[in-house]
Amino acid sequence: MNAYSHDQASADEAQADVFAAAAARMGVSRLLRHPRLKEAAEALRQNRPDAAKGLLSRYLEAHPDDPGAVRLMAQALFASGQKEQSEGLFARAVALTPDDAGARYEYANVLFQLNKPPLALAELERLLDTDPHNPLCLDVKSIVLSAMGKHSDSLACRRQLAEEHPGSADIQMKYGWAFRSVGQRDPCVAALREAIELHPSFGEAWLSLAGLKGFRFDDRDVAAMQEHLSRPEVAGENRMYLQFALGKALADRKRYAKAFENYARANAIKRLSIDYDPGWLTRHVSKCKALFTPEFLRSRAGAGCDAKDPIFIVGMQRAGSTLLEQILASHPAIEATAELSDICLLAEHIGERIAPEYSSEYPAVLEHLDPDTLRKFGERYLESTRFRRTPGRPFFTDKMPYNFLHVGLIHLILPNARIIDARRHPLGCCFSNFSLNFKFGALFAYRLSELGGAYADYVELMAHFDAALPGRVHRVIYDDLVRDPETEIRRLLDHIGLPFEPACLNFHENTRAMDSASSEQVRRPISADAVDEWRNYEPWLGPLKAALGPVLESWRGAPDPSL
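**Description of the side chain of D479**
Step number 1: Within the secondary structure, D479 is located in helix α24 (residues 478-483).
Step number 2: Only 3.2 Å separates the side chain of D479 from the backbone nitrogen of H425, close enough to count as a polar contact.

**Things to note about helix α22 (residues 426-434)**
Because each turn of an α-helix spans 3.6 residues, side chains separated by three or four positions in sequence point in the same direction.
Step number 1: In terms of burial, α22 is largely enclosed, as 9 of its 9 residues are buried.
Step number 2: Within the sequence span of α22, burial applies to P426, L427, G428, C429, C430, F431, S432, N433 and F434.
Step number 3: Against α14 (236-252), α15 (256-272), α23 (448-468), α27 (542-548) and α28 (551-554) lie the buried residues of α22.

**Notes on the sheet that holds strand β1 (residues 310-314)**
Step number 1: Reading across from one edge, β2-β3-β1-β4-β5 is the order of the 5 strands in this open sheet, with parallel pairing throughout. Edge strands, defined here as strands with exactly one partner in the open sheet, are β2 (334-338) and β5 (473-477). The sheet shows a mean angle of 25° between the axes of neighbouring strands, direction not considered.
Step number 2: Where β2 lies against strand β3 (residues 395-398), 4 bridges are found, and the strand directions are parallel. Bridge pairing in β3 links A338 to D398.

**Observations concerning α14**
Step number 1: Over its 17 residues, α14 extends 25 Å from the first C-alpha to the last, a length consistent with the 24 Å expected when each residue adds 1.5 Å.
Step number 2: After α14 finishes, the residue K254 shows a positive phi value of roughly 65°.

**Points about the packing of aromatic side chains**
Step number 1: Taken as a whole and assessed by the stated rule, the structure comprises 21 aromatic pairs.
Step number 2: Between Y256 and Y537, the aromatic rings sit 5.4 Å apart at their centres with planes inclined by 80°, giving edge-to-face as the arrangement. With a gap of 281 residues between them, Y256 in helix α15 and Y537 in the loop between α26 (502-505) and α27 connect regions that are remote in the sequence.
Step number 3: With a relative accessible area of 1%, Y537 lands in the buried category.
Step number 4: Relative to F434, the ring of F431 lies with its centre 6.4 Å away and its plane at 45°, an arrangement referred to as tilted. Within this pair, F431 and its partner F434 are both found in helix α22, separated by 3 residues, close to a single helical turn. Assigned by exposure class, F431 and F434 land together as buried.
Step number 5: When the ring centre of F500 is taken as origin, the NZ or CZ atom of R490, which lies over that ring, is 3.9 Å away.

**Comments concerning the environment of L281**
Step number 1: With respect to the secondary-structure elements, L281 resides in helix α16 (residues 279-291).
Step number 2: Spatially, the C-alpha atoms of L281 and Y458 are 8.4 Å apart, while their sequence positions differ by 177 residues.

**Details of the nonpolar core**
Step number 1: Residues F217, F292, I350, L366, F404, L409 and Y455 are the most contacted members of the largest nonpolar core, which totals 149 residues.
Step number 2: Among the elements that make up this core, the one with the highest residue count is α23 (11 residues).
Step number 3: F404 has contacts with L281, V314, G315, Y458, L461 and M462, leaving out every residue within four places of it along the chain.
Step number 4: Ranked by size, the runner-up nonpolar core spans 23 residues in total, among them L328, A333, I489 and I496.

**So, the packing of α22 against α23**
Step number 1: The contact between α22 and α23 brings their axes to 10 Å, and the two run at 130°. Between α22 and α23, the angle is such that the two are oblique. Every pair of crossing elements has a handedness; the one defined by α22 and α23 is right-handed. Every residue of α23 that contacts α22 at P426, C429, C430, N433 and F434 is listed here: L448, L451 and Y455.

**Examining the packing of helix α19 (residues 342-354) against helix α20 (residues 371-384)**
A pair of packed helices is captured by two measures, namely the crossing angle of their axes and the spacing between those axes.
Step number 1: Two elements in contact, α19 and α20, have axes separated by 10 Å at closest approach and are oriented at 135°. Our classification of the angle between α19 and α20 gives oblique. For the element pair α19 and α20, the recorded crossing hand is right-handed. Two secondary-structure elements touch here, α19 through D342, I343, L346, H349, I350 and I354 and α20 through F377, R380, Y381 and S384.
Step number 2: Each residue belonging to the contact of α19 with α20 can be placed in one class, and the counts come to 6 nonpolar, 2 polar and 2 charged.

**Focus on the pattern of salt bridges**
Step number 1: Following the criterion strictly, the structure yields 42 salt bridges and no others.
Step number 2: Of the charged contacts, one joins R45 and E42 as a salt bridge, the two residues approaching to 2.5 Å between their closest N and O atoms. Of the two residues, R45 and E42 are both situated in helix α2 (residues 35-45); the distance of 3 residues between them amounts to about one turn of the helix.
Step number 3: Of the charged contacts in the structure, one is a salt bridge between D139 and K174, with a shortest N-O distance of 3.4 Å. Highlighted residues: D139 in helix α8 (residues 135-147) and K174 in helix α10 (residues 169-181), separated in sequence by 35 residues.
Step number 4: For K174, a relative accessible area of 16% gives the class buried.

Criteria and cut-off values
Residues numbered from 1 in each chain as written. Predicted model: local features only at pLDDT ≥ 70, side-chain atom pairs only at ≥ 80, totals over all residues. Heavy atoms only, no water. Helix = DSSP H or I, 4+ residues; strand = E, 2+ residues; numbered from the N terminus. Polar contact = N/O pair within 3.5 Å; in protein donor to acceptor, adjacent residues only side chain to side chain. Buried < 20%, exposed > 50% of the residue type's maximum accessible area, 1.4 Å probe, protein only. Contact = heavy atoms within 4.5 Å. Pairing = 2+ DSSP bridges. Axes fitted to C-alpha atoms, helices over the stretch in contact; angles between N-to-C directions. Expected span 1.5 Å × (residues − 1). Phe/Tyr/Trp six-rings, centres within 6.5 Å; stacked < 30°, edge-to-face > 60°. Lys NZ or Arg CZ within 6 Å of the ring centre and 35° of its normal. Core = buried A, V, L, I, M, F, W, Y, C linked by side-chain atoms within 4.5 Å. Parallel < 35°, antiparallel > 145°, perpendicular 65-115°, else oblique. Left-handed = near helix turned anticlockwise from the far one by under 90°. Nonpolar A, V, L, I, M, F, W, Y, C, P; charged D, E, K, R; others polar. Salt bridge = Lys/Arg side-chain N within 4 Å of Asp/Glu carboxyl O.

Written out as structure tokens, the structure is:
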């Protein structure tokens, strides 16, 4: 491969132009004529949504039906975190100007952000009825279909995009991702290679190859990545992704010192790009411990929705949650969904809309909710997740790891739901996070000290619920699961109340599609190879060990009362 057969800047522009042209056609960048609206739009561009809201509020008092102003106010509300309020205004903007493709496109995006993919899909279909080749709409439609579990349909969208825009490296890379979701490895690799051919320093495509289980870069690949990284014009995300990918390539060659050096540089770049307060999680744990006392929980006994359907798999990322999901999905009584955001969005709703009524905040506001409200929230969760399920299976999984933050809320609204805590040795779990890039979530994953602090906070929170609600949470230790799978799977199914199924041991034969960084691993027989991978990097894990403190020895948590 000629590493610079295409000019990098030209490649960046080519793939951006595909979507920029579509945005222009939909009027997303349409100029606003009134000076106040222009001023509000500029404030939004400068990330000053509160200033924009002030300008727009005064204008809308005099012009309540101006669709441009309504749409800008919806954007300002969304930018300031008021997502639910923005939904109503986007709907109104669309009603005022049904032919405004830009407003409808933004409305579809907000519906998806609010975890309403069927409604988002309906809006996108209306747009595609009149503009069937619009790459922006096809791109988002593919994402929405994937979120709905319709991976084959999502792949069809990606195929159309790849055929219609063969020169876009970004589109080729996402085509590869779609193949990976349905387990088609060879076409996945081919699409990612094509993306790199189009854009040789396209770091995210290199990293996507690195993330394929069992994939090994050859010497030419390693030399190409090193050559790209030697050039100062390769910067930002491309440099970060390339260093993650090169770290993986060097780790496969057992060059652990150099691998760690690249991981550390990649994480340093990532950490500079995010705004994260490492004390937030510690404060949240303290608030949960103050509220969810045994006395408080006993006083709420009998509240909530009595459904037994959900199985929540919680814990830190890279702790084996996808493996547990795949095992459970191989049982005929259990349907696997995905990492559902419903509980997180519900917590956000309670914090933003209900807590202010009591001059409170989440989770403390839960003290004010009566049993009927808790029941309705449980029913709301079941209804909002129903589109992900097919009839006939009594249980379904929700493997959003960060639901560990909301174990108390889950218990109050769904007291009969199962909660599974997927846990892995802290050094193995944290280093696995450190060696990967996450597009969403895991804001604490980019400094070893912050990783260790987050893991310690997580263990402290789960230990609190072990004490306050003995036996409520079933813990599966990844390290034990991979060494003695049958014993751990039997214990897990006993906790759920289901008979053992041999298919759960042969989970790798389950061909279901999925979106996960671990999707390839769980399509292979169980292996303990990764359990001690962290030991290769132990000389550089001092900050992680220091942040973990005593949790490094007591990480398994409180003993299971059933043993």
